[in-house]
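# Results of the structural survey
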Amino acid sequence: MRLAWGAGLALLLVALAAAPGWADDAPAPDKSGFTVFNPTPEADLRPLCADRPSKATGSCTVDAGHWQIESDLYNVTFQTVDGVSTRTELFTNPTLKLGITNTLDFEVNIAPWQQVTIHDRASGATTVAAGVGDLFLRAKLNLIGDDGGNVAFALDPYVKVPTAPKTVGNGAVEEGVIAPLTINLPKNWQLSIDPELDILANAVGPGRHVNTSAVVSFSYPMTKELTGAFELWGDANFDPTGTVTQTSFDLALAWIPAKAPNLQLDGGANFGLNRATPGAQLYVGITRRF
């Protein structure tokens, strides 16, 4: 976890030193009059921007009065610890977003069906738990850079409503906030740094504890339609039963067809870097703006 935060701070300082002078940026268009009741015209829409495919959260919001759906089509995670293998599958995982103002959107996420399969090699026993996922409610507020510039920053608080069965979820209301920062680098590279703070229910007994995570992500337009990204993710869960840290190295691709600028198809693979992190996570997904 210290590695992720330290790398993020160092990269931020390098990016700030290397980025062109912001004073030379063209002024952003005035779109403050657009709201959910006065939608942004098609001609004034920003380029499609989604909080996928990587773990990084974008600093951008959905244009006022427009809907956007972002979803895994299929997501599978594999983990093996002490001879016990766990496979977690998401059969779609949609997030529905609505632009409220030019810099604020409201988001709802729930997995309609997820399945956890656990196999113990020693005993040969296999157990399966399945059901609807928990409901996540979010509101992302962009503070700078939604309509251009070399830096963008937003706040993205959320609350989790326990809708999953106890065999899948923990049955607790939990909340947190993400503070995504995006910086344009030379040669069309883009850097994203996403610190996150969560307040989670204790694994055993009453009470709550802190969970922190961070993502340091680099993306690059490989062609006019295809963007690639790689990132380092770290998480530290300070549960009273014992602190658990996870780290992963992630790769992702996103394709926005030139003839369909409101559509994105994507996929990725995440690889665990320590024992506590799932060994691999594979997914494909879609984003569509309306």
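Residues numbered from 1 in each chain as written. Predicted model: local features only at pLDDT ≥ 70, side-chain atom pairs only at ≥ 80, totals over all residues. Heavy atoms only, no water.

### Section: the nonpolar core
Val151, Leu181, Ile183, Leu185, Leu191, Ile193, Val216 and Phe218 form the largest nonpolar core, which has 8 residues in total. Those elements that provide at least two residues to this core are strand 10 (181-184), strand 11 (190-201) and strand 12 (208-221). (Core = buried A, V, L, I, M, F, W, Y, C linked by side-chain atoms within 4.5 Å. Buried < 20%, exposed > 50% of the residue type's maximum accessible area, 1.4 Å probe, protein only. Helix = DSSP H or I, 4+ residues; strand = E, 2+ residues; numbered from the N terminus.)

### Observations concerning the side chain of threonine 40
Among the structural elements, threonine 40 can be located in the loop between helix 1 (2-18) and strand 1 (67-81). Excluding residues within four positions of it along the chain, threonine 40 makes contact with Lys31, Phe34, Leu45, Asp63, Ala64 and His66. (Contact = heavy atoms within 4.5 Å.)

### Details of the state of the cysteines
Taken as a whole and judged by the stated rule, the model has 1 disulfide. The disulfide partner of cysteine 49 is cysteine 60, and the S-S distance across this bridge is 1.8 Å. Linking cysteine 49 and cysteine 60, the disulfide has an S-S dihedral of approximately -70° and is accordingly described as left-handed. Of this pair, cysteine 49 sits in the loop between helix 1 and strand 1 while cysteine 60 sits in the loop between helix 1 and strand 1, placing them 11 residues apart in sequence. Owing to a relative accessible area of 31%, cysteine 49 belongs among the partly exposed residues under this scheme. Under the relative-accessibility criterion, cysteine 60 is labelled buried at 15%. (Disulfide = S-S within 2.5 Å.)

### Things to note about the confidence of the model for the protein chain
In this model, the protein chain carries a mean pLDDT of 92, and residues with pLDDT of at least 70 account for 91%. Contacts of residues 7-24 to residues separated by more than four positions or lying in other chains number 21 contacts, the stretch itself having pLDDT below 50. (pLDDT = per-residue confidence, 0-100.)

### Regarding the pattern of salt bridges
Pairs can form between side chains of opposite charge whenever their charged atoms are close. By the definition in use, this model includes 19 salt bridges. Here aspartate 63 and lysine 31 are joined by a salt bridge, their closest N and O atoms 3.1 Å apart. Taken together, the residues aspartate 63 in the loop between helix 1 and strand 1 and lysine 31 in the loop between helix 1 and strand 1 connect sequence positions 32 residues apart. Since its relative accessible area comes to 1%, aspartate 63 is described here as buried. The salt bridge partner of lysine 140 is aspartate 51, with a shortest N-O separation of 2.9 Å. Residue lysine 140 is found in strand 7 (residues 135-144), and its partner aspartate 51 is found in the loop between helix 1 and strand 1; the two are separated by 89 residues along the sequence. Like aspartate 51, lysine 140 is buried. (Salt bridge = Lys/Arg side-chain N within 4 Å of Asp/Glu carboxyl O.)

### Quick notes on the packing of aromatic side chains
Each pair of aromatic rings is reported with the distance of its centres and the angle of its planes. What the rule picks out here adds up to 6 aromatic pairs. Relative to tyrosine 158, the ring of phenylalanine 136 has its centre 6.1 Å away and its plane inclined at 45°; by these criteria the two rings are tilted. You can see phenylalanine 136 sitting in strand 7 and its partner tyrosine 158 sitting in strand 8 (residues 151-161), a full 22 residues away along the chain. Taken together, the ring pairs in this structure connect Trp189, Phe218, Tyr220, Phe230 and Phe249 into an aromatic cluster. Lying over the aromatic face of tryptophan 233, lysine 55 brings its terminal NZ or CZ to 4.8 Å of the ring centre. Geometry around phenylalanine 290 places arginine 288 over its ring, the cationic atom sitting 4.7 Å from the centre. (Phe/Tyr/Trp six-rings, centres within 6.5 Å; stacked < 30°, edge-to-face > 60°. Lys NZ or Arg CZ within 6 Å of the ring centre and 35° of its normal.)

### Digging into the environment of phenylalanine 34
In this fold, phenylalanine 34 is placed in the loop between helix 1 and strand 1. Sequence separation of phenylalanine 34 and valine 177 is 143 residues, and the distance between their C-alpha atoms is 26 Å.

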